[in-house]
Amino acid sequence: MTTHTASDTRLRGPALWTLVITATAGFMAALDNLVVTTALPAIRQDLGGKLEDLEWTVNAYTLTFAVLLMLGAALGDRFGRRRLFIGGLALFTAASAAAALSPGIDELIAARAVQGVGAAVMMPLTLTLLTAAVPAARRGMALGIYGAVSGLAVASGPLIGGSLTEYISWQWIFWLNVPVGLALIPLSRLRLTESTAPNARLDIPGTVLISGGLFGIVYALVNANAHGWTSAPVLTGLIAGSALVGGFIHHGFTSANPMLPMRLFRNRGFLGINFAGLLMFLGMFGSIFLLSQFLQGVAGYSPTEAGLRLLPWTGMPMIISPLAGILADRIGSRPVIAAGLAYQAAGLVWYAMTLEADLSYTHQLPALILSGIGMGLYFAPASHALMSTVAPADQGKASGTNSALREVGGALGIAILASVFSTQGGYESPQAFVDGTVPAVWIGAGAVAVAAGLALLLPRKAKSAPVVAAERAPRVGETTAKVPAN
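Residues numbered from 1 in each chain as written. Predicted model: local features only at pLDDT ≥ 70, side-chain atom pairs only at ≥ 80, totals over all residues. Heavy atoms only, no water.

Considerations on the overall build of the protein
In terms of helices and strands, the protein carries 18 helices and 0 strands. A fraction of 84% describes how many contacts in the protein between residues 6 or more apart in sequence connect residues 24 or more apart. With an accessible surface of roughly 18400 Å², the protein has 66% of that area assigned to carbon and sulfur atoms. (Helix = DSSP H or I, 4+ residues; strand = E, 2+ residues; numbered from the N terminus. Contact = heavy atoms within 4.5 Å. Areas by Shrake-Rupley, 256 points an atom, 1.4 Å probe, with all protein chains shown as cover.)

Structure, rendered in structure tokens:
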């Protein structure tokens, strides 16, 4: 019989299969956040649509993804994480095919919304399933690999989207998901271990409050320039959305079993990592949405060339994330995350200070590299830091909360920065595009800089999550699979 020492960091058996399956599913979900960006000009030419329509081709996915993530995590805790993971994967795959077959912009937006629903059920369970399957001593490395694969999705999103758009058609950015999803569904059934959370309950009132609130706010931001900030639809969206979000926060304090217990935010590490993630994605997604179009519409690159030229930014996490996970295990997550966010902010500041209609790619390269290093330093340590701030029973909710806030940040970033862009500039000429992009990127840089400050709320070294003192017999219908403590 082979024995393994505590220092043996290799993954085997169920842990390895879980990492392969969850990382691949996470890759697909993360890919679809950015795969559309370099295809936007082709989609606009083929299906028509205004700036607001282009925003919704991205935000229909990110918004439904964001507002239903916590419900997806709760459904998994209640009815079985493997079962719901497979269901979300199947819905995501079917919606990808529907997006590829869309005859018009409205149908594409609707399919993207359904894609987001599938991803919302699937994505939070990837981190929970992985954390449950991997021993604590190897978790930093596993999450580093998971972060690297997420980084690969970010890296390859613009490049895959651009290449498929240029050499085949933009529809193939969605067809790509179908064979992968069809392969993962039976593999998940065979290789993943089913588990639930004790006493899991569904929070329907909380889901309605947060879903309606976020939709109202994002709807108002996306439509503000088309209808005017003082128009009835925009004001209604902002006021009603803010009221519903406020109701959700109150519900989290007063409900016996809320989907997001507000008590979790009393932990400064949980507070810091979640709002840092929101602001980081706000600045990153909003900036990539505009800069990927700058490379095509102003700099004159083809979709594939634009995707390749974004690689120093989006591709760096493939190299940096595994190293960042190991470094965080040694010195703690806080300095690694804070440094990563500072690098990301510096890259955006560089862009905002130098962006001109005739800016050469050579002069863009330092900003791209700085941003890429920052993104790579952030991903893996952020996941590790998050899971160390909560008890095992709360890890499903923590994963859903963190993923939701990141996606909310992405949706808000595209809505806010695109709103600034259309107020200050537009598509009329290269100079008009630059005039709108520069102030928008400054806002993105500021958001990421604030995120770096919030990262300092993390403790110096992650503490192990509390462990239940006494074992008990499982309840009827509850599995005995447990999430290991950190």
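Describing the environment of L355
Here L355 shows up in the loop between helix 15 (333-354) and helix 16 (361-387). Given a relative accessible area of 7%, L355 falls into the buried group. Sequence-wise, L355 and T437 are 82 residues apart; in three dimensions their C-alpha atoms are separated by 8.5 Å. Residue contacts for L355: discarding those within four places in its chain leaves L291, F294, V434, T437 and V438. (Buried < 20%, exposed > 50% of the residue type's maximum accessible area, 1.4 Å probe, protein only.)

Considerations on the confidence of the model for the protein
Here the protein shows a mean pLDDT of 80. Residues at 70 or above account for 88%. Predicted confidence for residues 1-8 stays below pLDDT 50, and this span has 4 contacts to residues more than four positions away or in other chains. Contacts of residues 463-486 to residues separated by more than four positions or lying in other chains number 44 contacts, the stretch itself having pLDDT below 50. (pLDDT = per-residue confidence, 0-100.)

Section: the packing of helix 14 (residues 316-331) against helix 16
Where helix 14 meets helix 16, the axes come as close as 7 Å, and the angle between the chain directions of the two elements is 45°. By the criterion of interaxial angle, the relationship of helix 14 to helix 16 is oblique. Note on packing geometry: the crossing formed by helix 14 with helix 16 is right-handed. Contact with helix 14, carried on its side by M316, P317, I320, S321, A324, G325, A328 and D329, involves I369, G372, I373, M375, G376, L377, F379, A380, P381 and H384 of helix 16 and no other residues of that element. Class assignment for the residues of the contact of helix 14 with helix 16 results in 12 nonpolar, 5 polar and 1 charged. (Axes fitted to C-alpha atoms, helices over the stretch in contact; angles between N-to-C directions. Parallel < 35°, antiparallel > 145°, perpendicular 65-115°, else oblique. Left-handed = near helix turned anticlockwise from the far one by under 90°. Nonpolar A, V, L, I, M, F, W, Y, C, P; charged D, E, K, R; others polar.)

A short note on the side chain of Q171
With respect to the helices and strands, the residue Q171 is situated in the loop between helix 6 (136-167) and helix 7 (172-175). A polar contact is formed between the side chain of Q171 and the side chain of S169, at a distance of 2.9 Å. Excluding its chain neighbours within four sequence positions, the residues that come into contact with Q171 are D46 and A100. (Polar contact = N/O pair within 3.5 Å; in protein donor to acceptor, adjacent residues only side chain to side chain.)

Some thoughts on the environment of A398
Positionally, A398 belongs in helix 17 (residues 395-424). If sequence neighbours within four positions are ignored, A398 has contacts with F270, L386 and V390.

Things to note about helix 3 (residues 51-79)
Spacing of three or four residues puts side chains on the same side of an α-helix, whose turn is 3.6 residues. With 29 residues, helix 3 extends 40 Å from end C-alpha to end C-alpha; this agrees with the ideal 42 Å at 1.5 Å per step. Within helix 3, the axis deviates most sharply at L68, by approximately 45°. Counting buried residues along helix 3, 25 of its 29 residues qualify, which places the element largely inside the surrounding structure. Within two residues after helix 3, G80 carries a phi angle of roughly 115°, on the positive side. (Expected span 1.5 Å × (residues − 1). Bend = angle between axes of the 7 residues up to and from the residue.)

Focus on the packing of helix 11 (residues 268-297) against helix 18 (residues 430-455)
Packing of helix 11 against helix 18 brings their axes to within 8 Å, and their N-to-C directions diverge by 160°. With respect to helix 18, the axis of helix 11 lies roughly antiparallel. Between helix 11 and helix 18 lies a crossing of left-handed hand. A class-by-class count of the residues in the contact of helix 11 with helix 18 yields 19 nonpolar, 6 polar and no charged.

Description of a nonpolar patch on the surface
Taken together, the side chains of F79, L202, I204 and V208 define a hydrophobic patch exposed on the protein surface, amounting to about 350 Å² of accessible area. On the secondary structure map, V208 appears in helix 9 (residues 204-227). (Patch = residues over 30% accessible without salt bridge, like charges linked within 9 Å, V, L, I, M, F, W, Y side chains within 5 Å. Salt bridge = Lys/Arg side-chain N within 4 Å of Asp/Glu carboxyl O.)

Some points on the packing of aromatic side chains
According to the stated counting rule, one finds 8 aromatic pairs in the structure shown. Both rings, one in W170 and one in F174, keep their centres 6.4 Å apart while their planes meet at 85°; by these two values the pair is edge-to-face. Overall, the relative accessible area of 1% leaves F174 in the buried class. (Phe/Tyr/Trp six-rings, centres within 6.5 Å; stacked < 30°, edge-to-face > 60°.)

Observations concerning the nonpolar core
Counting 139 residues, the largest nonpolar core has F85, W313, I337 and L341 as the members making the most contacts within it. Sorting elements by how many residues they give to this core places helix 11 first, with 16 residues. Setting aside its immediate chain neighbours within four residues, L341 contacts A276, M280, G374, Y378, V448, A451, A452 and A455. Counting residues in hydrophobic clusters, the runner-up holds 5 residues, among them I320, A324, V336 and L377. (Core = buried A, V, L, I, M, F, W, Y, C linked by side-chain atoms within 4.5 Å.)

Brief notes about the environment of H251
Within the fold, H251 resides in helix 10 (residues 232-254). Taking relative accessible area as the criterion, H251 reaches 14% and is therefore assigned buried. Remark: the alpha-carbon pair of H251 and G206, spanning 45 residues in sequence, is separated by 6.8 Å. Residues contacting H251, with those up to four places away along its chain left out, are D203, P205, G206, L209 and P258.

Here's the deal with helix 2 (residues 40-47)
Of the positions making up helix 2, those classed as buried are L40, I43 and L47. For helix 2, the buried positions fall inside an angular range of 60° around the axis, keeping them on one side. Against helix 3, helix 5 (105-133) and helix 11 lie the buried residues of helix 2. (Arc of directions from axis to C-beta.)

Describing the side chain of T57
Locating T57 in the fold gives a position in helix 3. Judged by relative accessible area, which is 1%, T57 ranks as buried. Apart from the residues within four sequence positions on either side, T57 is in contact with V36, L40, I105, L108, I109 and R112.

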